[in-house]
Each structure stands twice: as C-alpha cells, then as structure tokens.
Amino acid sequence: LPPPDLRWLYLGSLVNSFCLIGCACCMWPSFIISDQGAKDILFDALALTFLYNLDDVAGDLSFLEDQWDGEMLGNMYGKMSEEPDLVDSLTVVRESSFTPDNIDVWAIRIMTMLTLVLPISFVVTVLLCKQ
C-alpha cells in the first residue's frame, strides 16, 4: 500500500471536526426558532444527524462501501498489535508531533466546552425572550 497523503488526513480531520462542532452549534438556534414544538425539534435534530453522518466512511450514503476493505484493515491491525514495540513507537511519534489526531483532541475539548455553554445559552435566551 502506498503511504497516505498527509494533506488529506489533515483535511479529513478538519472537515470532521468542523462538521461535528457546526452541527452542535446549529442545534441551539433550531431549538429557539422551532414553532411547532417537539416535532419540529425532532426533525431538525434528525436532519443534523444525517448531515453529520455524511462525513463518515460508513455513513448514510456510504460511497466507499465496495472499496472499503474491512478485512484487510483488520489484518493490518492484528499484525500491528502483535508487535508491541511498533505500536509504542508510533504512539510516541504521534504524541510528540502535530498530527491529525491533535485536531480531533481539540475538537473534543471544544465539544466538551459546548456541552456546558450551549444549554446555558439556550436557557438564558429563552428566559430573556419571555421577559
């Protein structure tokens, strides 16, 4: 197998993080502008879930279903896990330099922050609108 092009790994990680954070941030205004109650909120949530799943390889449209060889990837993982020194050296390299995994770590941190900020902002906005 040829080595992966790092530009695509970074771009994929950025797009995945942007999609996750964007879908989470879009839920707040969709809760506020929902006119017809729970049904409207549910449909908006399902639409955002669909958009989020488009980014995954095995997502709703699964363009790569025929080209994604899960058995080969499983065999590669099995061979890599049999050599603990290889996995440890790759982990050290990944943690000591900037890799696409670092983008995912920052996205997790932002999502953790949004888990607290978005519900509070929703409650504050609803209370301010009622006054």
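What you are looking at is a predicted structure, and each value in this text was computed from that prediction instead of being measured.

### Quick word on the confidence of the model for the protein
Of the residues in the protein, 89% reach a pLDDT of 70 or more, and the chain-wide mean stands at 82. Per-residue pLDDT, averaged within each element of the protein, yields its smallest value for helix α4 (residues 84-96) (78) and its largest for helix α5 (residues 100-130) (88).

### Remarks on the packing of aromatic side chains
Under the criterion given, the structure shown has two aromatic pairs. Ring plane angle 10 degrees and centroid distance 5.8 Å describe the contact between Y10 and F98, whose orientation is recorded as stacked. Within this pair, whereas Y10 is found in helix α1 (residues 6-33), its partner F98 is found in the loop between α4 and α5, the two being separated by 88 residues in sequence. The exposure class assigned to Y10 is partly exposed, which follows from its relative accessible area of 23%.

### Digging into the pattern of salt bridges
When the charged atoms of two side chains with opposite charge come close together, those side chains can pair. In the structure shown here, the tally under the stated rule is one salt bridge. Note that R7 and D5 form a salt bridge whose closest N and O atoms lie 2.9 Å from each other.

### Description of the nonpolar core
One finds I21, A24, A107, L114 and L118 forming the largest nonpolar core, which totals five residues. Looking at this core, the elements with two or more residues in it are α1 and α5. When residues in this core are grouped by element, the largest group, three residues, is from α5. Non-local contacts of L118, meaning those with residues more than four positions away in its chain, are made with A24, C25 and W28.

### A look at the environment of I110
Take I110: it is sitting in helix α5. Along the backbone, I110 and S17 are 93 residues apart, and their C-alpha atoms lie at a distance of 9.5 Å.

### Considering the state of the cysteines
Evaluated as defined, the whole model comprises zero disulfides. Residue C26 stays outside any disulfide, its sulfur separated by 6.4 Å from that of C23, the closest cysteine.

Cut-offs used in this document
Residues numbered from 1 in each chain as written. Predicted model: local features only at pLDDT ≥ 70, side-chain atom pairs only at ≥ 80, totals over all residues. Heavy atoms only, no water. pLDDT = per-residue confidence, 0-100. Helix = DSSP H or I, 4+ residues; strand = E, 2+ residues; numbered from the N terminus. Phe/Tyr/Trp six-rings, centres within 6.5 Å; stacked < 30°, edge-to-face > 60°. Buried < 20%, exposed > 50% of the residue type's maximum accessible area, 1.4 Å probe, protein only. Salt bridge = Lys/Arg side-chain N within 4 Å of Asp/Glu carboxyl O. Core = buried A, V, L, I, M, F, W, Y, C linked by side-chain atoms within 4.5 Å. Contact = heavy atoms within 4.5 Å. Disulfide = S-S within 2.5 Å.

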